[in-house]
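What follows is each chain in one-letter form.
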Amino acid sequence: RAMIGRADATSTVSEPIADVLRDTYRLPARPSVFLNMPPVSRHDGPTTVREAAGLGPDVPLVVYSGTMSWARGIETIITGIAHLPAEAHLVVVSVPLPHPMIPKLEALAAEHGVADRLHFVGPVGQNELLHYLSGADAAVHPLPGGSPNHDSAMPNKLFEYMSAGLPVIASDFPLWREIVDGSGCGLLVDPRDPKAIADAMQWMVDHPEEAAAMGGRGREAVLDR
């Protein structure tokens, strides 16, 4: 509030946030919007998350990637694994690794009987990320809603998943719905409902061809932007 009015120009990451900044701080011009999209690169790299977790090609695998915090809904994904068949696994690309949350998340997984299906792997460089993520069957981002910051967020994680050609399972926010439903790249869920997240994961496991087509549409949508 003290400094924004003195800037020659402003920018942000989503259209709704641009409107809020303009109206709240009475800016003379609406901030420019730049999407948090990674550079779309070739799928090259020495390994994938599947290989890093030591899992075979036939294991159904969902990935969550990025900075971890209790505000990002990771515990809901872990709880959701309990609703899936025993062969389904979750790999978390932890930024950083090790992370202080991991012991509590492992205890939560043990409480729900899925400790053997939860894997933490380390991050990789941006030039390897898309290949790294592409080893999973689907990607999940259940960011909890209810706050203006989350409801209007446009995280680079979503576009990283799409760029990697993965079908996405994402929170059902209006802004995300426009992207996910608009491109046909995934399924939207209530981020507070572990069963809804598990059902979306299960659908992708049960419909591999349709899920792969979703992933392809997501990558095409990113390329088009």
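Residues numbered from 1 in each chain as written. Predicted model: local features only at pLDDT ≥ 70, side-chain atom pairs only at ≥ 80, totals over all residues. Heavy atoms only, no water.

Novice: Please set out the overall build of the chain residue by residue, giving values where relevant.
Specialist: Across its full length, the chain holds 10 helices and eight strands. For a compact globule of 225 residues, the expected C-alpha radius of gyration is about 17 Å, and the chain comes in at 18 Å, within 12% of that figure. Summarising its shape, the C-alpha atoms of the chain cover approximately 55 × 35 × 30 Å along the three principal directions. Burial status across the chain gives 47% buried among its 225 residues. Across the chain, the fraction of contacts at a sequence separation of at least 24, relative to all contacts at a separation of at least 6, is 69%. (Helix = DSSP H or I, 4+ residues; strand = E, 2+ residues; numbered from the N terminus. Rg over C-alpha atoms; globule rule 2.2 N^0.38 Å. Buried < 20%, exposed > 50% of the residue type's maximum accessible area, 1.4 Å probe, protein only. Contact = heavy atoms within 4.5 Å.)

Novice: Run through helix α3 (residues 74–81), naming residues and quoting values.
Specialist: In terms of residue burial, α3 counts as a mostly covered element, since seven of its eight residues are buried. Among the residues making up α3, those that are buried are I74, T76, I77, I78, T79, G80 and I81. Contact partners of the buried residues in α3: β3 (61–67), β4 (89–95), α4 (102–111), β5 (118–121), β6 (138–141) and α9 (194–206).

Novice: Describe the packing of helix α7 (residues 156–163) against helix α10 (residues 208–224), naming the residues involved and giving the relevant values.
Specialist: Packing of α7 against α10 brings their axes to within 7 Å, and their N-to-C directions diverge by 115°. Comparing their axes, α10 and α7 come out roughly perpendicular. Seen from α7, the contacting residues are F159, M162 and S163; seen from α10, they are G215, G218, R219, A221 and V222. Taken together, the residues of the contact of α7 with α10 sort by class into four nonpolar, three polar and one charged. (Axes fitted to C-alpha atoms, helices over the stretch in contact; angles between N-to-C directions. Parallel < 35°, antiparallel > 145°, perpendicular 65-115°, else oblique. Nonpolar A, V, L, I, M, F, W, Y, C, P; charged D, E, K, R; others polar.)

Novice: Quick rundown of the confidence of the model for the chain? Include the residues and the values.
Specialist: Residues at a pLDDT of 70 or more form 98% of the chain, whose mean pLDDT is 91. Within the chain, helix α6 (residues 148–151) has the poorest average pLDDT of any element, 72, and helix α2 (residues 49–52) the best, 98. (pLDDT = per-residue confidence, 0-100.)

Novice: Go over the sheet that holds strand β7 (residues 168–171), please, and point to the residues and values.
Specialist: Taken in spatial order, the six strands line up as β5-β4-β3-β6-β7-β8 in an open sheet, and their pairing is parallel. Each edge of the sheet is formed by a strand with only one pairing partner; in this case those strands are β5 and β8 (186–189). Each adjacent strand pair in this sheet contributes to an overall mean axis angle of 25°, direction not counted. When β4 meets β5, the two strands line up parallel, connected through four bridges. Within β5, the position partnered with V92 by the bridge is F120. (Pairing = 2+ DSSP bridges.)

Novice: Any chance you could break down the nonpolar core for me, citing the residues and the numbers?
Specialist: By size, the foremost hydrophobic cluster in this structure holds 63 residues, and its most contacted members are V49, V63, M68, I78, L90, L133 and M162. Residue contributions to this core peak at five residues, all from α9. Ignoring sequence-local partners within four residues, the contact set of M68 consists of I74, V92, S94, V95, H99, M101, I102, L105 and F120. (Core = buried A, V, L, I, M, F, W, Y, C linked by side-chain atoms within 4.5 Å.)

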